[in-house]
Amino acid sequence: MRTRFAPSPTGRLHLGHAFSALTARDLARAAGGEFLLRIEDIDTTRSRPEYEAAILADLRWLGLDWPEPVLRQSEHRPRYAAALDRLGAMGLTYPCSCTRAEIRAALSAPQEGAPGPAVYPGTCRGRPMAARRPEDAIRLDLAAALETAGPGVAFTETGPLLSGTHALDPEAMRANLGDVVLGRRDIGVAYHLAVVVDDAAQGISHVVRGADLREATPLHRLLQALLGLPVPLWHHHRLIRDESGGRLAKRDDARALATLRAAGATPEDIRRLVGLAPSPAP
Ligand code: GLU
């Protein structure tokens, strides 16, 4: 078993991150496996070296360790570009020049008036990749991608939430995800593509992460099928919420590990706060 924790260095770690990292480490340890750390810093508009340093310090304080060197996504751009090119060569991507405002306007047009998740309406679908301009984003043609992958693609969830094997549901994917961006106009790649490429590159056997990413999992499985990548198992865990049941945000300082630590909390206190049993023996 090989698990990973893959934070983006865009803020301080909070209790939710601690729960995720500890869950991944505990699962690997219980199976005699390995726990890896990956820094997901492709978004240069939001990532900061000082956050990365703070993340490493917080995780070490929690008692975690991992093999070095740590994979930093910013150092592997060519492999994301190669994956994007490959999908392009399969005829599954198109360049998109729509601005956010144009997408909003198209979504609120009378014929699309039904309220629903803001999936891209497909305005640029069918534009050839050869017509790509430097300012364009690259989107996956979801319908074409599903057709190319064919039936029978499924993913297996081993976590406590929805455990079992689930076939891709094209209707739900169209409604929840649509033609997602795989190549952002500003940084060239997008999370969905980089995460799939790196889970394969690192030989991750169990993707342990929060239930907020459960909805993206069929897309990740589809990309693995198209790119011929090995297929991990998924373990989505509950989310740690604040008192009002809301999502913890990186800017939520009250639950930042650094704040709790400065107030005298120990790593075992953190385990208790997120509902984990005392530390298992190393
Ligand atoms: N980098 C992502 C985040 O911080 C996690 C990605 C994942 O675990 O798949 O939310």
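Scope of this entry: the structure provided in the associated data block. Since the structure is predicted, the reported quantities are computational estimates derived from the model, not experimental observations.

What counts and how
- Residues numbered from 1 in each chain as written.
- Predicted model: local features only at pLDDT ≥ 70, side-chain atom pairs only at ≥ 80, totals over all residues.
- Heavy atoms only, no water.
- Axes fitted to C-alpha atoms, helices over the stretch in contact; angles between N-to-C directions.
- Helix = DSSP H or I, 4+ residues; strand = E, 2+ residues; numbered from the N terminus.
- Parallel < 35°, antiparallel > 145°, perpendicular 65-115°, else oblique.
- Contact = heavy atoms within 4.5 Å.
- Nonpolar A, V, L, I, M, F, W, Y, C, P; charged D, E, K, R; others polar.
- Near = heavy atom within 4 Å.
- Polar contact = N/O pair within 3.5 Å; in protein donor to acceptor, adjacent residues only side chain to side chain.
- Areas by Shrake-Rupley, 256 points an atom, 1.4 Å probe, with all protein chains shown as cover.
- Buried < 20%, exposed > 50% of the residue type's maximum accessible area, 1.4 Å probe, protein only.
- Arc of directions from axis to C-beta.
- Pairing = 2+ DSSP bridges.
- Right-handed = clockwise from strand over helix to strand, strands pointing away.
- Salt bridge = Lys/Arg side-chain N within 4 Å of Asp/Glu carboxyl O.

The subject of this paragraph is the packing of helix α3 (residues 77-89) against helix α8 (residues 217-227). At their nearest, the axes of α3 and α8 sit 10 Å apart, and the two run at 75 degrees to each other. When the interaxial angle is binned, α3 and α8 end up roughly perpendicular. Taken together, the residues of α8 that come into contact with α3 (itself represented by Ala83, Arg86 and Leu87) are Leu223, Leu226 and Leu227. Among the residues making up the contact of α3 with α8, the classes are represented as 5 nonpolar, no polar and 1 charged.

This part is about the site of the ligand. Neighbouring residues of the ligand: Arg4, Ala6, Pro7, Ser8, Glu40, Tyr191, Val195, Arg209 and Leu213. Contacts to the ligand include alanine 6, whose backbone N or O atom sits 2.7 Å from a nitrogen atom. The contact in question runs from an oxygen atom of the ligand to an N or O atom on the side chain of tyrosine 191, over 2.8 Å. Within the complex, 78% of the 300 Å² of free accessible area of the ligand lies under protein.

The next thing to look at is helix α5 (residues 142-149). Taken as a whole, α5 has its buried residues at Leu142, Ala145 and Leu146. Projected down its long axis, α5 carries its buried residues within an arc of 95 degrees, all on one side. Turning to α5, the residues buried within the fold contact β5 (137-140), α6 (170-176) and α8. Just downstream of α5, glycine 150 is the residue with a positive phi angle, here 80 degrees.

Here we take up the pairing of strand β9 (residues 206-210). With 5 of 5 residues buried, β9 is to be regarded as a mostly interior element. Relative to strand β10 (residues 233-237), β9 is paired through 5 bridges, and the arrangement is parallel. Residue pairing in the sheet places arginine 209 in a bridge with histidine 236 of β10. One crossover worth recording links β9 to the parallel β10 by way of α8, and it is right-handed.

With that settled, consider the pattern of salt bridges. Two side chains with opposite charge may pair up if their charged atoms get near one another. A complete count under the given rule lists 23 salt bridges for this structure. Ionic pairing is found between arginine 12 and aspartate 58, a salt bridge with its closest N-O pair at 3.5 Å. Here aspartate 58 lies in helix α2 (residues 49-62) and arginine 12 lies in the loop between β1 (2-5) and α1 (15-30), a separation of 46 residues in the sequence. For arginine 12, a relative accessible area of 28% translates into the label partly exposed. In this structure aspartate 58 comes out as buried when scored by relative accessible area, which is 1%. Salt bridges here are not isolated pairs; linked through shared partners, they connect Arg4, Arg38, Glu40 and Asp199.

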